[in-house]
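Notes for the structure review
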Amino acid sequence: MSSLGQHPQLVSRLQSCLHPDLSSPLRAGRLPGDVTDHQRAVALTWLVRGVAVVPCSRTDKGALVPGFGRDAPPEQLAKFSDPEQVRAWWSGRFKRAHVGLLTGRGTDDRGLVVVDLDMPKVDAQPLEGRWSGCHGGTDVLELLARGAGADWPDTYAVLTPSGGMHLYFAQPSAGPLIGCATGEGPTAPHIGPLVDVRGVGGYVIAAGSYPTAQGRVYERVSPPEMRPQPLPDWLLELLRPAAPPTTPPRRPAPVCLYARPAHRETTAPAATLCGGALLSGLKTL
């Protein structure tokens, strides 16, 4: 891992988005030759990577298909990882929609958690107190990393049209999945102002989605071979609620000698498997 300051090219791209007078390839906002084919390919590529997808509005980024909330059962989530359903969405009614990546649960049970580093609104008041001097979510996260004695995390990263950044991580391999949070709050996974967390029940717009109202793309800025990495320990500690205090075990209640144990049935949801060949030619993903 390395600090943000050791990524001059990444910093330059961020500055280009924050200052429109500077030249930036993102400002070109060129559409792909065939938007439908492009968006469908983006969706299927992420599906092969084990990430369920949802069509999203080109204007307000809202999800166009419901049913993936925090408490959604596996059978309700199945359509978001069904290759035929995904092809149908991006071939018909939603053929030009943004590609939303569902966070939290993947096709193999554990999917993504995305740390969304925002930029402040134009009329926002400067941050104060602990966060004084932070001009965006990247500053807030860098301050937290520095406080933990850690470096800027190297992982799959996407520059957003507003000049913010999405950092993609793999959900922890054990323990509870990380949920969603917006901005600063008293409990995890809230970690600071201008930092949102997208986990179970959430989604983000995929890299490669073409520009709309803002005229800029969602652009991958990490190396092409980079994939979402495990959460560093310091960040996982911030994102996961503290374990409740332990209490001494209670004495077991007396059991009747002739009582029969209740029969308990358990059913394990079948894993949703995604087949299909890897798609090639999508350099932006």
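Anything mentioned here points back to the structure above.
What this report covers is the structure whose coordinates are included nearby. (Residues numbered from 1 in each chain as written. Predicted model: local features only at pLDDT ≥ 70, side-chain atom pairs only at ≥ 80, totals over all residues. Heavy atoms only, no water.)

1. So, the nonpolar core
One finds Trp46, Val53, Phe80, Leu101 and Tyr168 to be the most contacted residues of the largest nonpolar core, which totals 35 residues. Those elements that provide at least two residues to this core are α2 (35-48), β1 (53-56), α4 (83-89), β2 (98-102), β3 (112-117), β4 (156-159) and β8 (203-205). It is α2 that provides the largest number of residues to this core, a total of five residues. Core analysis: the next-biggest nonpolar cluster, separate from the first, contains 25 residues, Ala145, Ile178, Ile191 and Leu239 among them. (Core = buried A, V, L, I, M, F, W, Y, C linked by side-chain atoms within 4.5 Å. Buried < 20%, exposed > 50% of the residue type's maximum accessible area, 1.4 Å probe, protein only. Helix = DSSP H or I, 4+ residues; strand = E, 2+ residues; numbered from the N terminus.)

2. Some details on the side chain of Ser57
Following the sequence through the fold, Ser57 ends up in the loop between β1 and α3 (74-77). With sequence-adjacent residues up to four places away left out, Ser57 is seen in contact with Gly62, Leu64 and His98. (Contact = heavy atoms within 4.5 Å.)

3. Brief notes about the pattern of salt bridges
Inspection of the entire model under this criterion finds four salt bridges. Residue Arg87 pairs with Glu84 through a salt bridge whose shortest N-O separation is 3.0 Å. With Arg87 and Glu84 both in helix α4 and three residues apart, the pair spans about one turn of that helix. For Arg87, a relative accessible area of 35% corresponds to the partly exposed category. Accessibility expressed as a relative area gives 54% for Glu84, which makes it exposed. (Salt bridge = Lys/Arg side-chain N within 4 Å of Asp/Glu carboxyl O.)

4. Topic: the pairing of strand β5 (residues 165-170)
Counted residue by residue, β5 has five buried out of six residues, so it is predominantly covered. Sheet analysis places β3 next to β5, joined by six bridges and oriented antiparallel. The partner of Val115 across the bridge, within β5, is Leu167. Both β4 and β5 contribute to a ladder of four bridges, which runs antiparallel. Bridging across to β5, Val158 finds its partner in His166. Connecting β4 to the antiparallel partner β5 that follows it, the hairpin turn spans five residues, and Gly163 within it adopts a positive phi of roughly 95 degrees. Here β5 runs beside strand β10 (residues 229-230); their pairing, made up of two bridges, is parallel. (Pairing = 2+ DSSP bridges.)

5. Digging into helix α5 (residues 137-147)
Within α5, burial applies to Gly137, Thr138, Val140, Leu141, Leu144 and Ala145. Looking straight down α5, one finds that the buried residues subtend no more than 160 degrees of arc, so they occupy a single side. Opposite its buried face, α5 presents the exposed residues Arg146 and Gly147, each directed more than 90 degrees away. The inward-facing, buried residues of α5 abut β3, β5, β7 (195-198) and α6 (233-239). Looking one or two residues beyond α5, the residue adopting positive phi is Gly149, at roughly 70 degrees. (Arc of directions from axis to C-beta.)

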